[in-house]
Protein chains: 2
Amino acid sequence: MNRHDIALIGFGGVNRALAQIIHERADELTDQLGFALRVVAITDLRLGSLMQADGIDLGEVFAMSPMDTFAGRPGGAAVPQNDFVIRNTTADIVVEATFTNPLDGEPAVSHVRAAIESGKSVATTNKGPVALAGTELNRLAAAHGVTFEYEGSVVSGTPILRFAGETLKGLRVNGVQGILNGTSNYVLGQMESGMTLDDAVAEAQALGYAEADPTADIEGSDVQLKIVILANEILGAQITTADVERRGISEVSAADIIDAAARGSRWKLIGSASRDADGNVVATVEPVALPSTHPLASVSGPTNAVSFDTDLLGTVTVSGPGAGRMETAYALLSDIIAIDAHQRSMIGASE
Amino acid sequence: MNRHDIALIGFGGVNRALAQIIHERADELTDQLGFALRVVAITDLRLGSLMQADGIDLGEVFAMSPMDTFAGRPGGAAVPQNDFVIRNTTADIVVEATFTNPLDGEPAVSHVRAAIESGKSVATTNKGPVALAGTELNRLAAAHGVTFEYEGSVVSGTPILRFAGETLKGLRVNGVQGILNGTSNYVLGQMESGMTLDDAVAEAQALGYAEADPTADIEGSDVQLKIVILANEILGAQITTADVERRGISEVSAADIIDAAARGSRWKLIGSASRDADGNVVATVEPVALPSTHPLASVSGPTNAVSFDTDLLGTVTVSGPGAGRMETAYALLSDIIAIDAHQRSMIGASE
């Protein structure tokens, strides 16, 4: 029986949900996947750090009182010591789920780098390291014979990257376009019902879709990071956010929405990337009035969707949740499954 | 360099399109997939049969005049000799693309059985053997250490089965529902525009969507075969068409469609299968008036779509073409890629 030992960097909603899946479904997952999972390290800004090579009792961690920290436990400390834990944990897989820093991706980029340099594979839901340092980190992973997976960096657990990379093998994908931000999509839907932008944003905040500062959702910079990831991963581009022209939904007026509805169209914030005639990849983020027959026109509320423009199959579209802690934790489980498959294929190849 | 030798059983639109892909993209596919493809046998009701162990010159086959047969060529005969060719070809993969027989699946079931018994893996787009003898043929393939793949038996090349089996690993799929027949979906759309059922069917025939006898499309028996495949493959059921309650779109009147539109709903022919509280799988085919917010409500014209109801991820939907010769040929290429991966993993495991 194969087993993977996991280090959880950040213990917020997503990594906590992953720990819950591992805790509650250990036997079922082992039966289905052919390997066992064990958490051997946790770090968190508030809880501190915990390293236990024989496996952390997750039941005990979930039962901790709100003011408690890991200090005083065997292998525990009151401070996160992220770099120390990442380099010294006995885990073979490091799961990075700290906050996304859209400027330079830190400290997540350093976390991923430290994990790879110390011979560990990495799963992350963090857009920062993937969008801002993905090329470097993928090269580093290849050089160290480990795997860097990041399904949850785009469209949470809806497996867009794995669909493009695995399920569509044998096709040429010439372009991708998607609804990649649930908050802005929800806001546009509410504006169709007559609400103002400001009221719709306030409602999205009340429902927990939008951040306290909704600028990244409304002005398209969240989608900008995601389209960089899709362009680089699926179209083999090497672009950065600076290469992506960006316009947000604040440019869409109530009158625009009424006009579009009269023509049977719907405004959507679309991230798109495609290869031009010279083979260069052009990527944009902008509000577009889509005709109702367009596969993305009916994607409503917090749902996300990506359409792939392919040579042999035409347009294929995947839609699903774009957020949620359990949904995003599934992305990490899916990454761990991919890391396991990759490790097994390397063992097979070296025999 | 790995290589797969292919026998094409049936040389109608789909297998001809696969031969075209192999002929025109040999080098590109080899680069992308890590293996070469070569056609070493073709059988066809009209052309006869051709077996050439060193590889058939596909350019010559495409250049044949309409009245020509394989008779007189080296390894050629005027008759198809399907069973003989399947058992004696040097191919390691047999691609079955003869017509679907919805009653007993023959002769395709025998073709698949003969291929497996003689140690060959099989790819097929033929619903018959999969829906009517899938359990037996999968067991037989396992016993002979070969692979039986049939992505194109449902939703043509849109990779529904591979998405469920590979991309969604680690999830529990509790139900599937889909728009699985493009003709009936096109007809319902035209009825929404005020056309009668009969006129819409005639138009679908003129456009090449509907068969000369459209009964299987309109009365749901085509979807019945497909939902059996989805239920058995994705939910692990062992049902047959007799277990699937079926109603067709001839039950939907013009008045029903107008009523639904007034409520913001759309009639769709839905194939669905789900696990009930006791773990039994219940499958139906019936017209359903879906609210416009339903992920399948906006799937229009010949497009097909399948929604998966999952535990951790909620509803995930894949939509794409449900027919087309090149689209369906891609399903076969996708099957060949899966067979290659399976063969490699068996070699790895035995070392």
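What you see is a predicted model, and the numbers here were worked out from it, not measured in a lab.

Draft legend 1. Region of interest: the pairing of strand β3 (residues 48-51) of chain A. Residues and elements named next belong to chain A. The sheet contact formed by strand β2 (residues 35-44) and β3 spans four bridges and is antiparallel. Along β3, the bridge assignment pairs Ala-41 with Met-51. In this structure, the hairpin formed by β2 and β3 is closed by a connection of three residues. Bridge count between β3 and strand β4 (residues 76-77): two bridges; the pairing is antiparallel.

Draft legend 2. Just helix α4 (residues 108-117) of chain B, in detail. Residues and elements named next belong to chain B. In terms of burial, α4 is a largely internal element, seven of the ten residues being buried. Listing the buried residues of α4 in full gives Ala-108, Val-109, His-111, Val-112, Ala-114, Ala-115 and Ile-116. The elements touched by buried residues of α4 are β1 (2-9), α3 (82-88), β5 (93-96), β6 (121-124), α5 (127-143) and β7 (148-149). Two residues or fewer after α4 comes Gly-119, characterised by a positive phi angle close to 80°.

Draft legend 3. Just the pattern of salt bridges, in detail. This structure, assessed with the given rule, holds 40 salt bridges over all chains. Of the charged contacts in the structure, one is a salt bridge between Asp-5 of chain A and Arg-3 of chain A, with a shortest N-O distance of 3.1 Å. Arg-3 of chain A sits in the partly exposed class, given a relative accessible area of 42%. Here Lys-169 of chain B ties to Glu-166 of chain B by a salt bridge, and the two come within 3.4 Å at their closest N and O atoms. The class of Lys-169 of chain B is partly exposed, set by a relative accessible area of 35%. A residue is classified by how much of its surface remains accessible, and Glu-166 of chain B, at 49% relative accessible area, is partly exposed. One connected set of salt bridges, linked through shared partners, spans Arg-25 and Glu-28 of chain A together with Arg-172 and Asp-311 of chain B.

Draft legend 4. Layout of the relation of the copies chain B and chain A. When chain B is fitted onto chain A, the two copies agree to an RMSD of 0.0 Å after a turn of 180° and an axial shift of 0.0 Å. Here the copies are linked by what is in effect a two-fold axis. In this assembly, 100% of the residues forming the interface of chain B have copies in chain A that are likewise at the interface, indicating an isologous arrangement.

Draft legend 5. Region of interest: the pairing of β1 of chain B. All names here are of chain B. Most of β1 sits inside the fold, with six of its eight residues counted as buried. Sheet topology note: the β1/strand β2 (residues 35-44) ladder contains eight bridges and is parallel. Across the sheet, the residue bridging to Asp-5 is Arg-38, located in β2. Handedness of the crossover joining β1 and β2 through helix α1 (residues 13-33) is recorded here as right-handed. As paired strands, β1 and β5 are joined by four bridges and run parallel to one another. Paired with Ile-9 across the two strands is Glu-96, which belongs to β5.

Draft legend 6. Looking closely at the packing of aromatic side chains. Taken as a whole, this structure holds five aromatic pairs over all chains when the rule is applied. On the basis of an interplanar angle of 80° and a centroid distance of 5.6 Å, the ring pair of Phe-163 of chain A and Phe-163 of chain B is categorised as edge-to-face. Of this pair, Phe-163 of chain A sits in helix α6 (residues 160-167) while Phe-163 of chain B sits in helix α6 (residues 160-167), each in a different chain. Side by side, Phe-163 of chain A and Phe-163 of chain B carry an identical accessibility label, which is buried. Here a set of aromatic residues connected by ring pairs shows up, and it is made of Phe-163 and Phe-308 of chain A together with Phe-163 and Phe-308 of chain B.

Draft legend 7. Focus on the UniProt feature "domain: Aspartate/homoserine dehydrogenase NAD-binding" (unreviewed entry) in chain A. UniProt tags residues 10-151 of chain A as "domain: Aspartate/homoserine dehydrogenase NAD-binding" (unreviewed entry). With 42% helix and 18% strand, residues 10-151 of chain A has end C-alpha atoms that lie 17 Å from one another.

Draft legend 8. Up close: the interface of chain B and chain A. Counting from both sides, the interface comprises 35 residues of chain B and, opposite them, 35 residues of chain A. Both faces considered, chain B and chain A share a buried interface measuring about 3000 Å² in area, 56% of it formed by carbon and sulfur atoms. In terms of surface lost to chain A, no three residues of chain B exceed Leu-312, Leu-313 and Tyr-330 of chain B, which account for 22% of the buried area on that side. A salt bridge links Arg-172 of chain B to Glu-28 of chain A; the shortest N-O distance between them is 2.7 Å. On inspection of chain B and its partner chain A, the count reaches 14 residue pairs in polar contact (both at pLDDT 80 or more). Breaking the side of chain B that touches chain A down by element, the ones donating at least two residues are α1, α6, β13 (314-321) and α12 (325-350) of chain B. Among the elements that make up the side of chain B that touches chain A, the one with the highest residue count is β13 of chain B (seven residues). For the side of chain B that touches chain A, the residue count by class is 16 nonpolar, eleven polar and eight charged. Where strand β13 (residues 314-321) of chain A lies against β13 of chain B, three bridges are found, and the strand directions are antiparallel. Looking across to β13 of chain B, one finds that Val-318 of chain A is bridged to Val-318 of chain B.

Draft legend 9. Fine view of the environment of Thr-293 of chain B. Residue and element names in this part refer to chain B. Among the structural elements, Thr-293 can be located in the loop between β11 (281-291) and β12 (303-310). We classify Thr-293 as exposed; its relative accessible area is 67%. Spatially, the C-alpha atom of Thr-293 lies 9.1 Å from that of Gly-264, the residues being 29 residues apart in sequence.

Draft legend 10. Summary view of the sheet that holds β11 of chain B. The twelve strands are arranged β9(A)-β11(A)-β10(A)-β8(A)-β12(A)-β13(A)-β13(B)-β12(B)-β8(B)-β10(B)-β11(B)-β9(B) in an open sheet whose pairing can be described as mixed. Whereas interior strands pair on both sides, the edge strands pair on one side only; in this sheet they are β9 (245-246) of chain A together with β9 (245-246) of chain B. As paired elements, β12 of chain B and β13 of chain B share eight bridges and run antiparallel to each other. From the neighbouring strand, Val-306 of chain B faces β13 of chain B, where its bridge partner is Val-318 of chain B. Running at roughly 40° to strand β10 (residues 265-275) of chain B, helix α10 (residues 221-234) of chain B makes contact with β8 (173-179), β9, β10, β11 and β12 of chain B of the sheet.

Draft legend 11. Structural view of the environment of Asp-31 of chain A. Residue and element names in this part refer to chain A. Within the secondary structure, Asp-31 sits in helix α1 (residues 13-33). By relative accessible area, which is 69% here, Asp-31 ends up exposed. Between the alpha carbons of Asp-31 and Arg-46 there is a distance of 35 Å; along the sequence they are 15 residues apart.

Draft legend 12. Seen up close, the sheet that holds β1 of chain B. Residue and element names in this part refer to chain B. On the basis of which strands lie adjacent, the open sheet formed by seven strands has the order β4-β3-β2-β1-β5-β6-β7 and mixed pairing. Edge strands, defined here as strands with exactly one partner in the open sheet, are β4 (76-77) and β7. Across the sheet, α1 is in contact with β1, β2 and β5; its angle to β2 comes to roughly 170°.

Draft legend 13. Summary view of helix α7 (residues 182-192) of chain B. All names here are of chain B. Of all eleven residues in α7, ten are buried, a share of seventy percent or more. Burial in α7 covers these residues: Gly-182, Thr-183, Ser-184, Asn-185, Tyr-186, Val-187, Leu-188, Gly-189, Gln-190 and Met-191. Contacts from the buried residues of α7 go to β8, α8 (197-206), α9 (215-218), α11 (254-262), β10 and β12. Gly-194 occupies a position one or two residues after α7 and carries a positive phi of about 100°.

Draft legend 14. Focus on the UniProt feature "binding site: L-homoserine" (unreviewed entry) in chain A. Residues and elements named next belong to chain A. The UniProt feature table records "binding site: L-homoserine" (unreviewed entry) at Glu-211. By the element assignment, Glu-211 lies in the loop between α8 (197-206) and α9 (215-218). On the basis of relative accessibility, which here comes to 53%, the residue Glu-211 falls in the exposed class. For Glu-211, the contacting residues outside a window of four places in its chain are Gln-205 and Asp-217.

Calculation rules
Residues numbered from 1 in each chain as written. Chains lettered and ligands numbered in written order. Predicted model: local features only at pLDDT ≥ 70, side-chain atom pairs only at ≥ 80, totals over all residues. Heavy atoms only, no water. Pairing = 2+ DSSP bridges. Helix = DSSP H or I, 4+ residues; strand = E, 2+ residues; numbered from the N terminus. Buried < 20%, exposed > 50% of the residue type's maximum accessible area, 1.4 Å probe, protein only. Contact = heavy atoms within 4.5 Å. Salt bridge = Lys/Arg side-chain N within 4 Å of Asp/Glu carboxyl O. Least-squares fit on C-alpha atoms with pLDDT ≥ 70 in both. Right-handed = clockwise from strand over helix to strand, strands pointing away. Phe/Tyr/Trp six-rings, centres within 6.5 Å; stacked < 30°, edge-to-face > 60°. UniProt positions renumbered as here; feature names shortened; annotations may be inferred. Buried area = accessible area lost by both parts, 1.4 Å probe. Polar contact = N/O pair within 3.5 Å; in protein donor to acceptor, adjacent residues only side chain to side chain. Nonpolar A, V, L, I, M, F, W, Y, C, P; charged D, E, K, R; others polar. Axes fitted to C-alpha atoms, helices over the stretch in contact; angles between N-to-C directions.

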